[in-house]
Amino acid sequence: MKAKKSLGQNFLVDIGVAHRIVDAMYPSHNDTVVEIGPGKGVLTKIIADKVKSLICIEMDDILSERLHSKFNSKPHVTVVNDDALNFNINQLIKPDTNYKLIGNLPYNVASPIIRRYITWNHKPNVIVAMLQKEVADLITAQPGKMGYLSVEFQTKCLIQKLFTVGPTVFSPKPKVNSTVISLKPHNELSTDQYPESDFLAMVRAGFSAPRKQIHNCFGNATDLSKVKIESALGTAGIDSKSRPQVLSIADWKKLYMIFYEMGVKF
Ligand code: SAM
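Residues numbered from 1 in each chain as written. Predicted model: local features only at pLDDT ≥ 70, side-chain atom pairs only at ≥ 80, totals over all residues. Heavy atoms only, no water.

1. Here's the deal with the environment of Pro95
1) Next: Mapped onto the fold, Pro95 is located in the loop between strand S4 (77-81) and strand S5 (100-104).
2) Next: Between the C-alpha atoms of Pro95 and Lys123, which are 28 residues apart in sequence, the distance is 9.3 Å. (Helix = DSSP H or I, 4+ residues; strand = E, 2+ residues; numbered from the N terminus.)

Right, here's the structure in full:
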């Protein structure tokens, strides 16, 4: 069977790397685990021996059928043939059950998949994900190199970069390196009493032209007056000539609260 590029099918062939990914979620015999994109089952096989219950969501019909047959004799492994961006895991996991999420994710939808689970009302306790190195770098970036995705994910989770591997551990080989990260979603809203959707809308406006100075980003993306923008940035202690990449999560939160107190909606 030819690997489908459209489904990001680069299968892991290095068993040592597969073990490192699984070990990163600290599997235990009491765990319920959801695996996204099990493919030919290289991670699945390792996880299945270590946990109480494993639910695998695979979009490819043929691979899903093969996994069904492969894990037929293991009743604690459930294979779902569906899109991880649509499937409702609450159909299979009770809302009060803790679970872990793992996946060597398809590159093209890695961020949307992570976003879906960290914003879900039934969040995993931990996510261990392998993704394109550049995306992992952005998600884990520190002030100076941050982007919208860094702020979005870091306000919702505690994130750790674990390790990076080259193309040779896959077949077919991708053109890029891959990095494994872990994310621990917080349960509380990132900005306390302030609505989160507005917070992200503000951050999006702040990154609307990342090469420009922050006051220009807000000037271009909103109808706020220059005076209001300068005043909010000044009160937050942010140099209005800074580029958005240099702001920390704490800066964005402070700025949001000040805009909020000023009655500004995004
Ligand atoms: N876990 C396997 C491994 O490590 O070898 C396969 C990883 S491969 C990078 C990504 C897998 O995700 C493929 O099997 C692909 O068919 C599946 N996939 C792609 N998009 C998906 C989606 N939206 N929902 C569920 N599975 C998806």
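2. As for the domain arrangement of the chain
By convention, interface size is frequently given as the accessible area that disappears when the constituent parts associate.
1) Next: According to the domain assignment, the chain contains domain 1 (5-187) and domain 2 (191-261).
2) Next: With centres defined by C-alpha atoms, the gap from domain 1 to domain 2 works out at 33 Å.
3) Next: With 12 residues of domain 1 at the interface, the matching set in domain 2 holds 13 residues.
4) Next: Across the interface of domain 1 and domain 2, roughly 1,000 Å² is buried in total on both sides, 70% from carbon and sulfur atoms. (Domains from an automatic or database assignment. Contact = heavy atoms within 4.5 Å. Buried area = accessible area lost by both parts, 1.4 Å probe.)

3. Some words on the site of the ligand
1) Next: Around the ligand lies a shell of 22 residues, among which Leu12, Gly37, Glu58, Asp83 and Asn104 are the nearest.
2) Next: Here a nitrogen atom of the ligand and a backbone polar atom of Pro38 are 3.4 Å apart.
3) Next: Calculation on the ligand without its partners gives an accessible area of 590 Å², and the protein chains cover 98% of this total.
4) Next: Elements supplying a minimum of two residues to the shell around the ligand: strand S1 (11-12) and strand S3 (53-58).
5) Next: Class assignment of the residues belonging to the shell around the ligand gives a composition of 11 nonpolar, 6 polar and 5 charged. (Near = heavy atom within 4 Å. Polar contact = N/O pair within 3.5 Å; in protein donor to acceptor, adjacent residues only side chain to side chain. Areas by Shrake-Rupley, 256 points an atom, 1.4 Å probe, with all protein chains shown as cover. Nonpolar A, V, L, I, M, F, W, Y, C, P; charged D, E, K, R; others polar.)

4. Notes on the packing of aromatic side chains
1) Next: In total, this model carries 7 aromatic pairs according to the counting rule given.
2) Next: Centroid distance Phe259 to Phe266: 5.1 Å. Interplanar angle 75°. Geometry classified as edge-to-face.
3) Next: Site record: aromatic cluster; members linked through ring pairs are Phe199, Tyr256 and Tyr260.
4) Next: In this structure, Arg20 is placed above the aromatic ring of Phe163, and the distance from its NZ or CZ to the ring centre is 3.8 Å.
5) Next: A cation over a ring is seen here: Arg116 above Tyr117, with NZ or CZ 5.8 Å from the ring centre. (Phe/Tyr/Trp six-rings, centres within 6.5 Å; stacked < 30°, edge-to-face > 60°. Lys NZ or Arg CZ within 6 Å of the ring centre and 35° of its normal.)

5. Some remarks on helix H8 (residues 214-221)
1) Next: When H8 is considered as a whole, its buried residues turn out to be Ile214, His215, Cys217 and Phe218. End-on, the buried residues of H8 take up no more than an arc of 160°, which puts them together on one face.
2) Next: Against the buried residues of H8 lie helix H7 (196-206), helix H9 (226-235) and helix H10 (249-261). (Buried < 20%, exposed > 50% of the residue type's maximum accessible area, 1.4 Å probe, protein only. Arc of directions from axis to C-beta.)

6. Notes on the environment of Gly103
1) Next: You can see Gly103 is positioned in strand S5.
2) Next: Residues Gly103 and Gln9, 94 residues apart in the sequence, show an inter-C-alpha distance of 12 Å.
3) Next: What Gly103 contacts, discounting residues up to four positions off in sequence, is Ile36, Val128, Ala129 and Met130.

7. What about helix H4 (residues 110-119)?
1) Next: Across the 10 residues that make up H4, a large majority, 7, are buried.
2) Next: Ala110, Ser111, Ile113, Ile114, Arg116, Tyr117 and Ile118 are the residues of H4 that are buried.

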